[in-house]
Amino acid sequence: MSKYGERMDGESLTYQLLRLVHAMDGATNAAIADVLTELKLTHALADALWQLDPAAPAPSMRQMAVRLRCDPSTVTFLADRLQQLSYAKRTAAPGDRRTKVLELTDQGREARDRLVDAATTRTPLAGLTPAEQRRLHTLLTRAMAPSGTTPSTVIQTRPTASHQGTA
């Protein structure tokens, strides 16, 4: 057994799982390249747009930096670019005019909908049955839970009744 976990056919199982996760990410990105081009989005801009959930309160610039795991100056650049594309706007946070939040515009909602639709229907995960998707969701949520927490507090998801087409 290696320091990377139980070995399977010369490579650790954990390593193989990580390779599959990276390959799936790459396959999904390749499958949506046409939509990214049409929307004039880089992968970083697409990630930022993805994080702007229209059903949730608009995040502050600092919250976006945490979500995107990047420096706040990078969020400023991404927000500038999303504004240039008319996908988002910065406004004062309710209750604290010193804090800026990033909100989707109507064009941004449409662009995000196209992005989410393309990603969720073209990902290799879309080929799994709803039951397989639910099982994978449970396992990934558990894997992402920091020790000592319940998995439901890790990643905010809103699974549908069938949980079909989630990425």
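A brief structural summary. Treat the numbers as computed from the prediction; the structure is a model and nothing was measured.

Right, let's get into the pattern of salt bridges. Across all of its chains, the model carries five salt bridges by this definition. For the salt bridge of E38 with R114, the shortest nitrogen-to-oxygen distance reads 2.2 Å. Of this pair, E38 sits in helix α2 (residues 33–39) while R114 sits in helix α6 (residues 106–122), and the two are 76 residues apart along the sequence. Note on R114: relative accessible area 38%, which makes it partly exposed. Of the charged contacts, one joins D80 and R90 as a salt bridge, the two residues approaching to 2.1 Å between their closest N and O atoms. Placement of D80 in helix α5 (residues 72–84) and of R90 in strand β3 (residues 88–93) is noted, with a sequence separation of ten residues between them.

Bringing a nonpolar patch on the surface into the picture now. Together, L13, L17 and L20 give the surface a local cluster of nonpolar side chains, amounting to about 280 Å² of exposed area. Position of L13 among the secondary structure elements: in helix α1 (residues 13–31). For L13, a relative accessible area of 33% puts it in the partly exposed group.

The next point concerns the packing of helix α3 (residues 43–51) against α6. One can describe the packing of α3 onto α6 by two numbers: an axis separation of 10 Å at closest approach and a directional angle of 105°. Relative to α6, the element α3 lies roughly perpendicular. Where α3 abuts α6, its residues A46, L49 and W50 lie against G108, A111, R112, L115, V116, A119 and T120. Grouping the constituent residues of the contact of α3 with α6 by class yields seven nonpolar, two polar and one charged.

This next bit is on the environment of T123. Mapped onto the secondary structure, T123 falls in the loop between α6 and α7 (130–144). Spatially, the C-alpha atom of T123 lies 7.0 Å from that of A27, the residues being 96 residues apart in sequence.

Cut-offs applied
- Residues numbered from 1 in each chain as written.
- Predicted model: local features only at pLDDT ≥ 70, side-chain atom pairs only at ≥ 80, totals over all residues.
- Heavy atoms only, no water.
- Salt bridge = Lys/Arg side-chain N within 4 Å of Asp/Glu carboxyl O.
- Helix = DSSP H or I, 4+ residues; strand = E, 2+ residues; numbered from the N terminus.
- Buried < 20%, exposed > 50% of the residue type's maximum accessible area, 1.4 Å probe, protein only.
- Patch = residues over 30% accessible without salt bridge, like charges linked within 9 Å, V, L, I, M, F, W, Y side chains within 5 Å.
- Areas by Shrake-Rupley, 256 points an atom, 1.4 Å probe, with all protein chains shown as cover.
- Axes fitted to C-alpha atoms, helices over the stretch in contact; angles between N-to-C directions.
- Parallel < 35°, antiparallel > 145°, perpendicular 65-115°, else oblique.
- Contact = heavy atoms within 4.5 Å.
- Nonpolar A, V, L, I, M, F, W, Y, C, P; charged D, E, K, R; others polar.

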